[in-house]
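Observations on chain architecture
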Amino acid sequence: MSTMTLFHSPASPFVRKVRVLLHETGQQDRVALHEVQLTPVSPSSAVLQGNPAGKIPVLRLADGSLLYDSRVILDYLDAQHVGAPLIPPSGHARWRRLSLAALADAILDAAVLLRYETFLRPADKRWELWEDAQQDKIERSLAYFEHDCLAELASHFDIAAIGLACALGYLDLRQPQLGWRQRYPGLAAWFAEVERRPSMQASAPA
């Protein structure tokens, strides 16, 4: 029985992270999905009631209180199940995995900004140098994951791996022309495995 409500958009990679964690921890039946339509210049009134920034995801708890953004929601939900935590509770492992998760979020931030720039902004108002800077952030981050993190990613499908998997899935969805697999074959092989997980299949944008 659902006791919480997740305000979401199916294409949002930040929402997808939450949905993947819910599935991985067996909590998906506890959360009802409430779809909202919004853009950076047209927020959802339902979301604004819970998050003044107007961003998703927003999680409404059983007592009516609200949590945002994805990092806060993931931390909360990871404390609500009895299995092994997907966020290490303490020590070096905690800070390392959270740092990698933050780097995956940086890929998402840059990719979303590129999406806004190339899809929503009028062509005569686009800034090519700014677009290139966002692309450079993505490339540097992917290179780091490729050369320094493959063994760590393969060791456990946790908060860092979930974040990167959702970031790569979003690049496929919104920036397929980037062709990241050709430059990062290790990540490509890793992603080919993890995207077959039931949690990734269930949360894939329709």
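Because the structure is predicted, anything quoted here is derived from the model rather than measured.

What counts, and at which threshold
Residues numbered from 1 in each chain as written. Predicted model: local features only at pLDDT ≥ 70, side-chain atom pairs only at ≥ 80, totals over all residues. Heavy atoms only, no water. Helix = DSSP H or I, 4+ residues; strand = E, 2+ residues; numbered from the N terminus. Expected span 1.5 Å × (residues − 1). Buried < 20%, exposed > 50% of the residue type's maximum accessible area, 1.4 Å probe, protein only. Contact = heavy atoms within 4.5 Å. Polar contact = N/O pair within 3.5 Å; in protein donor to acceptor, adjacent residues only side chain to side chain. Salt bridge = Lys/Arg side-chain N within 4 Å of Asp/Glu carboxyl O.

Here the bond from Ile56 into Pro57 is cis, since omega is 5°, no more than 30 degrees from zero. The topology assignment puts Pro57 in the loop between helix H2 (45-48) and strand S3 (58-60).

Before going further, it helps to examine helix H1 (residues 13-24). For H1, with 12 residues, the first-to-last C-alpha span of 16 Å sits near the 16 Å given by 1.5 Å per residue. Of all 12 residues making up H1, nine are buried, and the element is well covered by its neighbours. All of the buried residues along H1 are Pro13, Phe14, Val15, Arg16, Lys17, Val18, Val20, Leu21 and Leu22. Packed against the buried residues of H1 are strand S1 (4-8), strand S2 (31-35), helix H3 (70-78), helix H4 (91-120), helix H7 (159-174) and helix H10 (198-203). Structurally, the start of H1 carries an N-cap: the backbone nitrogen of Phe14 is 3.3 Å from a side-chain oxygen of Ser12. Backbone geometry just after H1 places Gly26 at a positive phi near 70°.

Going through the model one piece at a time under the given rule, you end up with 10 salt bridges. Between Arg97 and Asp158 there is a salt bridge whose closest N-O contact spans 2.6 Å. Of the two residues, Arg97 is situated in helix H4 and Asp158 in the loop between helix H6 (150-155) and H7; the sequence distance between them amounts to 61 residues. Put simply, Arg196 and Glu193 hold a salt bridge, and the shortest N to O gap is 3.0 Å.

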